[in-house]
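Here is how the chains run, residue by residue.
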Amino acid sequence: MTVYFIGAGPGDPELITVKGQRLVRRCPVILYAGSLVPAAVLDGHRAEQVVNTADLDLDAIVALLDDAHRRGLDVARVHSGDPSLYGAIGEQIRRLRALGIPYEIVPGVTAAAACAATLGCELTLPDVSQTVILTRYATKTSMPEGEALADLARHRATLAIHLGVRHLARIVDELVAHYGADCPVAVVYRASWPDEESIRGTLADIVGKVQPTDQSRTALILVGRVLDADGFADSTLYAKDGA
């Protein structure tokens, strides 16, 4: 018996991996985060038990996993995006280890990747940015020392900020000194979902563009010169001399 932590991708049911889809259709028990995982991800399943865990606490979820373990039934534990990023699987894994329950992580398409696809851009460009920082804005969960947004902004790398759109004005205030007011910004709401929306601007005007909308959750903020770059050098990957 194995608990499979499966990344369902950012929203589009077709963005789940082949392996993830195969496990969803094979496992006799499915536990999925229904608030963020579309029901279509479960299409074709033959599970005898399907549980939406959106309203369950950690103890209740682990109890279900333990019950499946005692019955010898594989579990598809389906999370949105990639479960290793803000998926809260660490606390579940800690409990599984204590109970001696085997597990495996199946990666998924990240929200940042889906946003880049929506915006039609590459997040790493020669001479512009060769680094992508995935982070979140500190609210209920504090940030470790050295990971405050202002500390990360000093690198001027491409930033993908999760869980922060409600605090966009504060985020802009922390970034503008390092990136400049003209730095491109995009706020992408529910990337790859049917109701996806994206708003592009700069640190100078993005707050005013987002405020009239209802984008208050499930949005990612991307910041960096890669979002509106043109005068960058070609990479060496396809160079004629093969350098």
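Here, every reference points to the structure presented above.
Residues numbered from 1 in each chain as written. Predicted model: local features only at pLDDT ≥ 70, side-chain atom pairs only at ≥ 80, totals over all residues. Heavy atoms only, no water.

A. Structural detail: the sheet that holds strand 6 (residues 132-136). Taken in spatial order, the five strands of this open sheet run 6-7-10-8-9, and their pairing is mixed. The sheet is open, and its two edges are formed by strand 6 and strand 9 (197-202), each paired on a single side. Strand-to-strand twist across the sheet, computed as the mean angle between neighbouring axes with direction ignored, equals 15 degrees. Where strand 6 meets strand 7 (residues 158-162), five bridges bridge the pair, whose relative direction is parallel. Counted as the bridge partner of Arg 136 is His 162 from strand 7. (Pairing = 2+ DSSP bridges. Helix = DSSP H or I, 4+ residues; strand = E, 2+ residues; numbered from the N terminus. Axes fitted to C-alpha atoms, helices over the stretch in contact; angles between N-to-C directions.)

B. How the structure looks around the side chain of Ser 129. Here Ser 129 lies in the loop between helix 4 (111-119) and strand 6. The exposure class assigned to Ser 129 is buried, which follows from its relative accessible area of 8%. A distance of 2.9 Å separates the side chain of Ser 129 from the backbone oxygen of Thr 131, its partner in a polar contact. Polar contacts involving the side chain of Ser 129 include one to the side chain of Thr 158, which spans 3.2 Å. Those residues in contact with Ser 129, other than ones at most four positions away along the chain, are Leu 123, Thr 124, Ala 157, Thr 158 and Val 226. (Buried < 20%, exposed > 50% of the residue type's maximum accessible area, 1.4 Å probe, protein only. Polar contact = N/O pair within 3.5 Å; in protein donor to acceptor, adjacent residues only side chain to side chain. Contact = heavy atoms within 4.5 Å.)

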